[in-house]
Number of protein chains: 2
Amino acid sequence: MRIGIIGAGALGLYYGALLQRAGHEVRFLLRRDYEAITRGGLTVTSPEGDFHLAVVKGFRHPDPIGPVDLVLVGLKTFANDRLAELVAPLVGPQTAILTLQNGLGSEELLAAAFGPQRVLGGVAFLCANRGEPGTVHHLAQGRIRLGEFGGGLSPRAEQLAETFRQTGISCQAVADLKKARWEKLVWNIPFNGLCALTGLATDRLLCHAPTREQIRALMEEVIAAGNAQTLSSPIGEDFAEQMLTVTAGMGAYRPSMMIDRLEKRPMELGTIYEIPLQRAAQRGVSMPRVALLHALLALQAAD
Amino acid sequence: MRIGIIGAGALGLYYGALLQRAGHEVRFLLRRDYEAITRGGLTVTSPEGDFHLAVVKGFRHPDPIGPVDLVLVGLKTFANDRLAELVAPLVGPQTAILTLQNGLGSEELLAAAFGPQRVLGGVAFLCANRGEPGTVHHLAQGRIRLGEFGGGLSPRAEQLAETFRQTGISCQAVADLKKARWEKLVWNIPFNGLCALTGLATDRLLCHAPTREQIRALMEEVIAAGNAQTLSSPIGEDFAEQMLTVTAGMGAYRPSMMIDRLEKRPMELGTIYEIPLQRAAQRGVSMPRVALLHALLALQAAD
């Protein structure tokens, strides 16, 4: 399969490298890492074993990438105003587009630009970051849940999940992508924001009892908003507790938004906070703590 | 009248100085400013005219102050575990105790220690801070609303208000002290906490539209909780808007909790957040944004 990677941050580089190692022809749109990767290849460090790809097809612009079978989108969503223009040169008659971006709203942008039938989305549970140019550090996890933007289980989604599994990671096709996205938000909304706001990793937040209680309350607000979106089945009442338990096992984890903030990049406030707040309000659900957290992050970003 | 001042921060020094200038015998319990004030007196700078009191009765310990007619309490409430022991030596058979401390719960401590009939409380709208030892800077305002802990308008409260008015400040006796305290919290809860958390003065918060909306929402939570406390009449719906307008006129105001935080003192989280949250919960009212703001402040304080 010919695969184009749009958005070569840690997520795009890591999954792209796995797909190339598994035999696919992968073309990366690169910016910061262009020189290093086209000259010296791409190195992945991982607790599951380091590996190096000596020859990697890197491009500075999307036009010469040309049509591919699959576009894998890992672009930071604060750059979503350029999403359609970056993806367009890769789209041919048979191209499928899979976005693994954070939060809500990216599938809708792709569907509006290229037609809903092309679009799949997924949530990635990946702990990785970029090292020096040409290197990506895989720290833990990597599991993906993906599904059709239009809903339902499709042979295409099943095939794509199998493609990912053949690279060595866990991947599941789901019939209800919307539910998978809201479930991911149950984690992202409290932890991305609170870690970015305070500069403290997840363990420091969880060991402070009042903050832990507010994390649970934030999760419950997101669950209530998600369950108002006509999911195939509601997110369970014990989901918040599960997420707290999982997070306690992650140690001093620094979510992507905290790293974005520390590295002075924009934060993904639109897709992780603003669009979820809008979707909740459209269903008459208030998320008061989420709204306050968003305002504090937006204030910090404006400062 | 013989008056004892317990808690000689900016508030205690300023009102104590005004009372002494008006002819009362004022005795100050001092800590940081003891040497400077007993040696060189007390200087007040003020847009209404600077003045200097050459001879000031300062004490390092409360015992030698002895019984007074009025104890004026300006202690920071994070020191309330020492409140009763500091006040006790000043209490004789006829002593009244007026606390102008922030938030909720100080009258109850005084009532438990000295009997409810002795206790009055008040809210002070004062912008002042301490300068070098022996100097207090009055920046703006100074108005007081005071009333009986037991409720109702008393001749004693009216007389005390008149005593303060004779010092040159605006002072009103109110029948519903509880309502006055909750009205003050409508301002204190959003602005003290958000300014302390972000390090930004009031004007910076108000000019950021999402934060301004959250300030209004925080105020509305406090109004709803206050109105569940069986006040003599409810706090009006337009009170939040009034407070926003008043605050816009205050310019780059730095609330006391922000200054406490900047100067590495504890913050008054108990009386401004924890007790109000408890009182709201006792009446079945949730203040979700207030609870999140409190947790973030408590986390910052623990850091």
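Moving on to the interface of chain B and chain A. On the chain A side, the residues contacting the 23 residues of chain B number 23 residues. Both sides of the chain B and chain A interface together cover about 1,800 Å² of buried area, and 78% of this is carbon and sulfur. At the junction of chain B with chain A, the criterion picks out zero salt bridges. Across the contact surface, chain B and chain A share two residue pairs in polar contact (both at pLDDT 80 or more). Among the elements of the structure, helix 6 (177-198), helix 7 (202-206), helix 8 (209-227) and helix 12 (288-302) of chain B are those that each provide at least two residues to the side of chain B that touches chain A. Among the elements that make up the side of chain B that touches chain A, the one with the highest residue count is helix 12 of chain B (ten residues). Residues belonging to the side of chain B that touches chain A are distributed by class as follows: 15 nonpolar, four polar and four charged.

Attention now moves to the domain arrangement of chain A. Residues and elements named next belong to chain A. Its domain assignment divides chain A into domain 1 (2-175) and domain 2 (179-302). Listed as interface residues are 24 residues of domain 1 and, on the opposing side, 20 residues of domain 2. Here domain 1 meets domain 2 over a buried area of about 1,800 Å², counting both sides, of which 53% is carbon and sulfur. For the domain 1 face of the interface with domain 2, the top three residues by lost area are Phe-78, Asn-102 and Leu-104, together amounting to 39%. For the pair domain 1 and domain 2, the interface holds four salt bridges. Asp-260 is the partner of Lys-76 in a salt bridge, and the nearest nitrogen-oxygen pair spans 3.1 Å. Listed by contribution, the elements that provide at least two residues to the side of domain 1 that touches domain 2 are helix 4 (106-114), strand 8 (119-130) and strand 9 (135-148). When residues in the side of domain 1 that touches domain 2 are grouped by element, the largest group, seven residues, is from strand 8. Looking at side-chain class alone, the side of domain 1 that touches domain 2 contains nine nonpolar, eleven polar and four charged residues.

Rules and cut-offs
- Residues numbered from 1 in each chain as written.
- Chains lettered and ligands numbered in written order.
- Predicted model: local features only at pLDDT ≥ 70, side-chain atom pairs only at ≥ 80, totals over all residues.
- Heavy atoms only, no water.
- Contact = heavy atoms within 4.5 Å.
- Buried area = accessible area lost by both parts, 1.4 Å probe.
- Salt bridge = Lys/Arg side-chain N within 4 Å of Asp/Glu carboxyl O.
- Polar contact = N/O pair within 3.5 Å; in protein donor to acceptor, adjacent residues only side chain to side chain.
- Helix = DSSP H or I, 4+ residues; strand = E, 2+ residues; numbered from the N terminus.
- Nonpolar A, V, L, I, M, F, W, Y, C, P; charged D, E, K, R; others polar.
- Domains from an automatic or database assignment.

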